[in-house]
Amino acid sequence: MTLLTFDALRTLAFPPARYIKPEQMFAHRQEIEAADILLFPEYWQINTLLYGLKARIFPSPASYYLGHNKIEQTRAMQAVFPHWMPKTSIYGSSRSSLERVLVEFRFPLVVKAVKSARGEGVALLHNEAELFSWAANHEVLYVQERLEIDRDVRVVWVGDQVLDAYWRLAPKGGFLNNVAQGGEVVRDPVPQAVLDMVACVARQFGIDHAGFDVAWVNDQPYFIEFNRIFGTQGLAGGAKAYAAAAMAYLQPAPVLDELPPPSAA
């Protein structure tokens, strides 16, 4: 199987793959067309690779499109799995939209930038003044009820399986559970319902590479978000286990040379 990668660092533990800088894509069309799988292209390359060059990419198109921002994945979840979503609304930042927020939500509430990761672009607002200040700097208001949790679950999904799952505990007095924001990894057992929810969502949408963030409230999982690109340094088994899971998924199914003989009646 011929592999070509657009992200050399992320594929260090993968089998040898030809590396091409994304911005040099057009100078290497023949190599791209000859490759069996293109690994980790950048978002701006996707339509050209998929629809122009008819290439197979990893992660999947759905992982890119739904993972591109919180609005895309939230709307998909609200359409298909509303019971797994905390109360969430998406508005413009007009005065009338702010008034709707004040009617529909109670403080404290959570607001998020549409494109953000690692806990950046997320804030806990306590009053109307903070809401108006946030709206002055964001054209889109992504507003979510605050869940009463001090930890969440990170579920790493690669291919068609859960590769790893662990709790992330917020620092004392903190609001964000992300490890990048000071959260602590805790290896307590993760409820099976969390893993089942992630598997259901990933398979429904065709996601094959994501770090899912899930809240556990009153014995029920709630989808927070997923990120197409996630850190691998803390994964059980490390980079080798991560690469092995990806390659097991990407390898073509074996083809039998001949059909087995029919069993005796």
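Refer to the preceding data block for the structure.
Everything numeric in this text was worked out from a predicted model, so none of it was measured.

> Would you take a moment to explain the environment of Val153 for this structure?
Turning to its location among the elements, Val153 is positioned in strand S9 (residues 151-158). The exposure class of Val153 is buried, given its relative accessible area of 0%. In this structure the C-alpha to C-alpha distance between Val153 and Leu169, which are 16 residues apart in sequence, comes to 8.8 Å. Setting aside chain neighbours within four positions, we find Val153 in contact with Tyr166, Trp167, Val190, Val194, Phe212, Asp213 and Val214.

> What's the story with the packing of helix H4 (residues 70-80) against helix H7 (residues 192-205) in this structure? I'm lost.
Relative placement of two packed helices is described by the angle separating their axes and the distance separating the axes. Contact geometry for H4 and H7: axes closest at 12 Å, N-to-C directions at 105 degrees. Taken together, the axes of H4 and H7 lie roughly perpendicular to each other. Touching Ala76, Met77 and Val80 of H4 are Val201, Gln204 and Phe205, all from H7. Of the residues in the contact of H4 with H7, the class split is five nonpolar, one polar and no charged.

> Whenever I open this one, unusual backbone geometry confuses me. Can you help?
Most peptide bonds take the trans form, and the phi angle of most residues other than glycine is negative. Of note, the bond from Phe58 into Pro59 is cis; its omega dihedral lies within 30 degrees of zero at 0 degrees. Summarising the element assignment, Pro59 is placed in the loop between strand S4 (57-58) and helix H3 (61-67). Here the bond from Phe107 into Pro108 is cis, since omega is -5 degrees, no more than 30 degrees from zero. Assignment of secondary structure puts Pro108 in the loop between helix H5 (95-104) and strand S6 (109-112). Positive phi is not limited to glycine here, since Asp219 has a value of about 65 degrees.

> Just to check I follow, could you spell out the sheet that holds strand S3 (residues 37-39) for this structure?
Backbone hydrogen bonds are what pair the strands of a sheet, in a parallel or an antiparallel way. The strand order S2-S1-S3-S4 describes an open sheet built from four strands, whose pairing is parallel. A strand with exactly one partner marks an edge of an open sheet, and here the two such strands are strand S2 (18-19) and S4. One ladder, built from two bridges, connects S3 with S4; its direction is parallel. By the bridge assignment, Leu39 is partnered in S4 with Phe58.

How each quantity is defined
- Residues numbered from 1 in each chain as written.
- Predicted model: local features only at pLDDT ≥ 70, side-chain atom pairs only at ≥ 80, totals over all residues.
- Heavy atoms only, no water.
- Helix = DSSP H or I, 4+ residues; strand = E, 2+ residues; numbered from the N terminus.
- Buried < 20%, exposed > 50% of the residue type's maximum accessible area, 1.4 Å probe, protein only.
- Contact = heavy atoms within 4.5 Å.
- Axes fitted to C-alpha atoms, helices over the stretch in contact; angles between N-to-C directions.
- Parallel < 35°, antiparallel > 145°, perpendicular 65-115°, else oblique.
- Nonpolar A, V, L, I, M, F, W, Y, C, P; charged D, E, K, R; others polar.
- Pairing = 2+ DSSP bridges.

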